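What the coordinates show
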Amino acid sequence: MIGDWLDIGWVNEIPVRGSRTVTVDGAGEIAVFRTGDDNVFALRNRCPHKGGPLSQGIVHGHSVACPLHNWNIALATGEAQGEDKGCTPTIPVKVDGGRVLICRTGTLQAAA
Amino acid sequence: MDFQDYRAGEHAADGPDTGPASPREHLVVIGNGMAGCRAVEELLARDAGRYRVTIFGAEPHVNYNRIMLSPVLAGEKSFDEIVINTADWYRENGIDLIVSDPVIAIDRAARTVTSRSGRVVAYDRLLIATGSDPFIIPVPGYDLPGVISFRDMKDVDTMVAAADAKNNGGGGEAIVIGGGLLGLEAAHGLSLRGMKVTVLHLPGTLMERQLDEAAGWLLKTALEARGQTILTGADTAEIFGQGKVEGVRLKDGREIPASLVVMAVGIRPSVALAREAGLEVGRGIKVDDHMVTSDPAILAVGECVEHDGQVYGLVAPLWDMCRSLADGLTGKVNPYRGSVTSTKLKVSGIDVFSAGDFSGAGAGCEDIVLRDASRGVYKRLVLQDDRIVGAVLYGDTGDGSWYFDLLRKGESVADLRDLLIFGQAFASGGGQADPKAAVAALSDDAEICGCNGVSKGQVVSCIAKGAHSLDAVRATCKASASCGSCTGLVETLLAITLGDDVQSGPKTMCKCTSFTHDDVRREIIAQGMKSIPEVMQKLHWGTPDGCASCRPALNYYLLCALPGDYVDDQQSRFVNERLHANIQKDGTYSVVPRMWGGLTNPRELRAIADVVEKYEAPMVKVTGGQRLDIFGIKKEDLPAVWADLNAAGMVSGHAYGKALRTVKTCVGSEWCRFGTQDSTGLGVRLEKMSWGSWMPHKFKIAVSGCPRNCAEATIKDFGVVCVDSGYELHVAGNGGIHVRATDLLCRVSTEQQVLDYCAAYIQLYREEARYLERTAPWVERVGIDYVKQRIVEDEVGREALCARFLYSQSFSQDDPWAARAEGGEREQHAHMAQFKPVKAEEMA
Ligand SMILES: Cc1cc2nc3c(=O)[nH]c(=O)nc-3n(C[C@H](O)[C@H](O)[C@H](O)COP(=O)(O)OP(=O)(O)OC[C@H]3O[C@@H](n4cnc5c(N)ncnc54)[C@H](O)[C@@H]3O)c2cc1C
Ligand code: SF4
Ligand code: FES
């Protein structure tokens with residue numbers, strides 16, 4: 001742990017256009033995504049629609065298509081796209097020296 | 001003459017309802033142009049019987065689309081094509097149209113108008129829609145024959161005649177004075193008609209009222225490249241000529257010869273008539289929010305008016321005005337609040353868009369600029385307080401309507417700022433890269449078709465009323481019927497409104513591309529493409545890395561085209577295929593081991609029972625395909641479950657895949673008293689041949705031992721019904737939402753033939769169906785005769801298909817579970833990290 005940041009591993013451990021999950025007690029599962037242009041985003045691993053595990057969706061652009069009913073969720077904001085309405089909490093995340101760090105307080109808030 | 005006299009005259013509208021018994025109010029319109037006629041259209045749409053209408057037009061025509069004069073001049077349209085309302089329309093609506101007879105006086109006290117030919121017509125309400133007069137700079141020689149403006153059809157005729165004269169040995173040179181929108185469109189048309197054109201523009205920048213210097217320079221360069229001479233800073237001193245135009249002399253002494261001079265230096269509201277009648281006039285005829293002038297009986301609309309200090313020289317505001325006006329005339333209050341305008345240059349091949357204030361002179365104005373020299377693209381947005389106040393786009397104007405919408409709504413763009421300049425697709429995030437979403441997000445009053453002033457709301461309602469194709473929309477509300485630059489928008493609205501019911505060309509694969517599935521498949525093979533990024537690059541994908549619908553399709557097409565060579569892209573697979581298990585509604589997975597032909601044994605049953613207990617699977621179920629499905633397995637437990645099942649010799653059942661699922665069988669001749677052949681054994685052989693193969697969609701097989709058909713083979717993708725003489729092969733059945741019984745493909749006599757035909761059929765389906773198209777819709781689309789021809793009649797072809805299938809099977813028949821059970825692709829299952837606990841106080 002570095003300050004308010006939790007070190008969760010190497011960015012290379014996340015497949016490009018894919019994601020990995022992190023479990024945090026009290027915060028459920030966090031999905032950490034890596035996009036085609038090598039941006040990293042972290043979201044609570046629950047679709048705002050019916051709780052689908054977003055980590056298992058297809059990542060395209062800066063969105064992920066939920067594996068259950070194909071809602072598209074913007075990775076940066078957690079907002080459902082298009083006609084669908086809903087939002088998944090996002091967690092501040094950064095990459096430092098190849099390590100992925102997620103914000104601890106953000107993680108707790110996402111759980112709240 | 002009084003009112004009665006007029007009514008008795010040749011233009012009297014007849015019919016009893018105009019008589020004194022039912023005194024309909026008489027609305028007289030001066031000006032048969034864009035605004036006058038539109039006002040009447042709006043009025044008719046609200047209350048057709050309310051007014052008796054008479055329209056005076058100075059021109060000899062029915063109402064036409066003035067902005068389309070430029071394409072007429074350029075030879076891209078004919079006059080007939082730009083007529084808005086035909087003579088029949090006037091007749092059918094009981095409108096009295098008087099052409100070639102301008103009104104020359106209004107008597108407000110008597111409530112009459114007088115025309116040049118001497119007609120006196122009484123009105124209850126008068127509508128002035130006289131438009132503008134072209135501004136003529138009063139240099140010496142301005143009145144020489146051959147000096148014209150660009151305003152109406154007569155001007156176009158003159159220009160066309162001048163250009164034609166050249167071919168008969170006449171003059172071939174034209175000068176356009178004024179490098180604004182109108183001047184450049186005139187220059188473009190004349191040069192397309194073969195004249196040598198020089199544009200004289202006083203300011204240093206072309207279209208300086210719409211463009212900044214950079215964009216003006218790009219435009220100038222592009223026009224020069226097309227052979228026009230553009231002189232900026234060119235101050236006209238004199239137009240010279242003996243009896244007719246011979247050229248123009250500039251203040252710096254230069255002389256440019258020409259047989260035609262078009263003055264397009266600006267317009268002025270045509271207010272003379274109103275002023276003489278004593279109406280209040282500023283720059284234009286002053287009107288209130290209901291388009292009423294200082295005389296309550298007289299309204300005015302269009303370019304001739306001044307509203308709230310503004311005069312307009314474009315059509316979009318007219319439509320707004322006409323709506324308020326027609327509402328007012330039919331007793332509804334709908335105040336006009338002014339318009340923000342945008343402009344486009346209608347010169348084919350040169351895209352210029354401008355809106356709002358681009359000067360960036362206001363307090364706190366900031367610019368965002370994008371230049372891409374090699375593409376000839378220039379974009380500039382002017383922001384003030386995080387709101388767009390101006391936009392100039394050159395070369396790539398696709399986002400014009402989006403910027404314009406943001407500008408009109410005055411929405412804050414603070415959140416989008418970083419990406420704003422790259423356009424809507426980027427700025428709104430990946431999901432919004434969907435052009436449909438963009439159009440769906442436009443407000444109802446957003447303008448779709450500038451030429452005809454049609455809003456999104458109007459297009460949608462016309463679609464809702466039954467215009468289900470582009471042509472139908474064009475015919476009903478005219479959107480996209482003129483210059484066509486909004487065709488894409490209209491098509492998108494059709495798609496949004498109707499979903500799959502749009503009657504149009506073949507559907508594109510997805511929103512990321514304009515290619516259809518079939519195009520993409522063909523191009524992959526024709527161009528020998530080998531990876532998803534390559535396909536996206538070569539076929540100009542509109543998104544950075546596709547979407548959840550095209551990526552799985554491309555992955556499949558490449559896999560099918562390049563067996564053994566193509567490296568599967570896991571991230572382009574739906575979760576079920578990526579995790580080799582079925583995702584269920586609670587996010588857990590279900591696992592179906594293969595039970596060949598539906599057969600099992602104690603070892604397998606024991607292994608399944610053990611797994612159920614060990615992983616506390618809450619349910620086991622026999623599937624419709626005669627397999628056992630174990631439910632409620634957690635993602636991280638999947639590899640262990642598979643390891644246990646593998647240990648008992650079981651492999652993945654691909655119940656999750658676009659692949660062969662199961663082969664259902666009955667017991668056939670081995671046990672059943674009716675059985676004619678070994679249906680179970682054949683089923684096992686078919687399954688061993690075809691398992692593991694990826695297909696466009698799921699694929700099911702069944703084999704029944706006799707026509708009693710206990711394995712329900714006639715609702716399967718491939719069904720075999722054993723008969724005494726051999727085997728009936730059935731294809732394209734479906735037990736899903738649309739139950740479909742199979743078509744009979746043929747009869748064969750040996751088991752080997754069954755296997756060969758099955759392999760060939762699967763391969764044909766794999767190679768030619770669209771991704772996510774099951775065999776039933778595929779066969780319905782291509783026709784069973786086609787399939788018979790390929791599989792039954794074409795023996796060589798069948799063998800080749802069969803060989804290709806078996807070749808690709810040599811790479812794909814391995815158990816995906818085994819590799820994972822041994823720890824392959826661990827990241828698909830294991831958490832990246834686990835933290836316990838993370839409570840703030842405990843971490844401190
Ligand atoms: C070549 C060209 C291209 C254009 N391109 C665009 C464009 O791309 N986009 C855009 O938004 N705008 C464009 N415009 C401007 C647009 O055409 C005008 O804004 C619009 O036509 C104004 O409508 P209006 O009804 O006020 O005037 P008009 O359409 O000019 O109609 C006025 C009518 O009144 C008649 N009239 C005048 N006085 C009398 C009288 N005393 N008695 C009887 N009749 C009379 C005139 O003859 C005329 O027919 C273009 C204009 C031209 C000329
Ligand atoms: S299909 Fe015929 S052979 Fe097979 S079980 Fe039924 S009755 Fe017996
Ligand atoms: S749960 Fe995500 S789309 Fe339904």
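Below or above, wherever it landed, is the structure these notes cover. (Residues numbered from 1 in each chain as written. Chains lettered and ligands numbered in written order. Predicted model: local features only at pLDDT ≥ 70, side-chain atom pairs only at ≥ 80, totals over all residues. Heavy atoms only, no water.)

What about the overall build of chain A?
- Helix and strand counts for chain A stand at one helix and ten strands.
- What you see in chain A, going N to C, is helices and strands ordered as β-β-β-β-β-β-β-β-β-β-α.
- Counting over 112 residues, chain A shows a buried share of 54%.
- Restricting the contact set of chain A to residue pairs at least 6 apart, pairs at least 24 apart contribute 39%. (Helix = DSSP H or I, 4+ residues; strand = E, 2+ residues; numbered from the N terminus. Buried < 20%, exposed > 50% of the residue type's maximum accessible area, 1.4 Å probe, protein only. Contact = heavy atoms within 4.5 Å.)

Focus: the overall build of chain B
- Along chain B, the regular secondary structure elements total 31 helices and 37 strands.
- The buried share of chain B, reckoned over its 844 residues, is 54%.
- Sequence-distant contacts, at least 24 apart, represent 62% of the contacts inside chain B between residues at least 6 apart.
- Accessible area for chain B stands at about 35,700 Å²; split by element, carbon and sulfur atoms hold 51% of it. (Areas by Shrake-Rupley, 256 points an atom, 1.4 Å probe, with all protein chains shown as cover.)

Re the environment of leucine 539 of chain B
All names here are of chain B.
- With respect to the helices and strands, the residue leucine 539 is situated in the loop between helix H20 (532–538) and helix H21 (550–561).
- Separated by 19 residues in sequence, leucine 539 and valine 520 place their C-alpha atoms 8.1 Å apart.
- Not counting residues up to four positions away in its chain, the partners in contact with leucine 539 are Thr513, Phe515, Val520, Glu523, Gln527 and Met529.

With respect to the environment of alanine 214 of chain B
- You can see alanine 214 of chain B is positioned in helix H8 (residues 213–225).
- When near neighbours in sequence (up to four residues on either side) are disregarded, alanine 214 of chain B contacts Arg371 and Tyr378 of chain B.

Looking at the site of ligand 1
Residues and elements named next belong to chain B.
- Among the 30 residues in the neighbourhood of ligand 1, the closest are listed as Ala35, Glu59, Arg151, Glu303 and Lys346.
- One of the backbone N or O atoms of alanine 58 is found 3.1 Å from a nitrogen atom in ligand 1.
- Between alanine 129 and ligand 1, the recorded distance is 3.4 Å, taken from a backbone N or O atom to an oxygen atom.
- Expressed as a share of its isolated accessible area of 980 Å², the protein-covered part of ligand 1 is 90%.
- Of all the secondary structure elements, the ones that give two or more residues to the shell around ligand 1 are helix H2 (34–46), helix H3 (69–73), helix H7 (181–192) and helix H10 (315–329). (Near = heavy atom within 4 Å. Polar contact = N/O pair within 3.5 Å; in protein donor to acceptor, adjacent residues only side chain to side chain.)

So, the pairing of strand S32 (residues 660–665) of chain B
- Counting buried positions along S32 of chain B gives six out of six residues, so the element sits mostly inside the fold.
- Following the chain from S32 of chain B across helix H25 (residues 679–690) of chain B to the adjacent parallel strand S33 (residues 699–704) of chain B, one finds a crossover that is left-handed. (Right-handed = clockwise from strand over helix to strand, strands pointing away.)

Quick notes on the sheet that holds S32 of chain B
All names here are of chain B.
- Spatially, the five strands line up as an open sheet ordered S32-S33-S34-S35-S36, and their pairing is mixed. Two strands lie at the open edges of the sheet, namely S32 and strand S36 (743–748), each paired on one side alone. Neighbour to neighbour, the strand axes of the sheet diverge by 15° on average, direction disregarded.
- Pairing geometry for S33 and strand S34 (residues 718–723), over four bridges, is parallel. The partner of valine 703 across the bridge, within S34, is valine 720.
- On the sheet, H25 packs against S32, S33, S34 and strand S35 (726–731) and is oriented at approximately 170° with respect to S32. (Pairing = 2+ DSSP bridges. Axes fitted to C-alpha atoms, helices over the stretch in contact; angles between N-to-C directions.)

As for the interface of chain A and chain B
- Contact with chain A, which involves 42 residues of that partner, is made by 39 residues of chain B.
- The largest share of the area that chain A buries against chain B comes from Arg20, Gln56 and Ile58 of chain A, three residues that together contribute 22% of it.
- Our enumeration of links across chain A and chain B arrives at one salt bridge.
- One salt bridge in this structure joins aspartate 545 of chain B and arginine 17 of chain A, with 3.0 Å as the shortest N-O distance. (Buried area = accessible area lost by both parts, 1.4 Å probe. Salt bridge = Lys/Arg side-chain N within 4 Å of Asp/Glu carboxyl O.)

So, the site of ligand 2
- Neighbouring residues of ligand 2: Cys666, Gly668, Cys672, Phe674, Gly675, Gly705, Cys706, Arg708, Asn709 and Cys710 of chain B.
- Among the residues forming the shell around ligand 2, the class breakdown is five nonpolar, four polar and one charged. (Nonpolar A, V, L, I, M, F, W, Y, C, P; charged D, E, K, R; others polar.)

What to know about the packing of helix H23 (residues 602–614) of chain B against helix H24 (residues 638–647) of chain B
All names here are of chain B.
- The interhelical angle for the contact between H23 and H24, taken along N-to-C directions, is 160°, at an axis separation of 9 Å. In terms of orientation, H23 lies roughly antiparallel with respect to H24. Between H23 and H24 lies a crossing whose hand is right-handed. Of the residues in H24, those in contact with Arg603, Ala607, Ile608, Val611 and Lys614 of H23 are Val641, Asp644, Leu645 and Ala647.
- Within the contact of H23 with H24, the residues separate by chemical class into six nonpolar, no polar and three charged. (Parallel < 35°, antiparallel > 145°, perpendicular 65-115°, else oblique. Left-handed = near helix turned anticlockwise from the far one by under 90°.)

Thoughts on the nonpolar core
Residues and elements named next belong to chain B.
- Grouped together as the largest cluster of nonpolar side chains are 61 residues, with contacts concentrated most on Val520, Val535, Trp541, Val591 and Leu645.
- With eight residues, the top contributor of residues to this core is H21.
- Core analysis: the next-biggest nonpolar cluster, separate from the first, contains 56 residues, Val29, Ala35, Ile84 and Ala300 among them. (Core = buried A, V, L, I, M, F, W, Y, C linked by side-chain atoms within 4.5 Å.)

A word on the packing of helix H26 (residues 751–768) of chain B against helix H27 (residues 775–782) of chain B
Residues and elements named next belong to chain B.
- Taken N-terminus to C-terminus, the directions of H26 and H27 make an angle of 80°; their axes are 11 Å apart at the nearest point. Here H27 runs roughly perpendicular to H26, going by the angle between their axes. Mapping the contact onto sequence places Tyr761, Leu764, Tyr765 and Glu768 in H26 and Thr775, Trp778, Val779 and Arg781 in H27.

Quick word on the sheet that holds strand S24 (residues 377–384) of chain B
All names here are of chain B.
- Taken in spatial order, the five strands make up an open sheet running S21-S22-S25-S24-S23, and their pairing is antiparallel. The sheet is open, and its two borders are formed by strand S21 (342–344) and strand S23 (365–372), each paired with just one other strand. Each neighbouring strand pair of the sheet contributes to a mean axis angle of 15°, computed without reference to strand direction.
- Seen against the sheet, H8 touches strand S22 (352–356), S23, S24 and strand S25 (387–394) and runs at an angle of roughly 20° to S25.

Quick look at unusual backbone geometry
Residue and element names in this part refer to chain B.
- Within the chain, aspartate 308 stands out as a residue other than glycine whose phi angle is a positive 55°.
- Judged by its relative accessible area of 67%, aspartate 308 falls in the exposed class.
- For aspartate 386, which is not glycine, the phi dihedral falls at a positive 65°.
- Position of aspartate 386 among the secondary structure elements: in the loop between S24 and S25.

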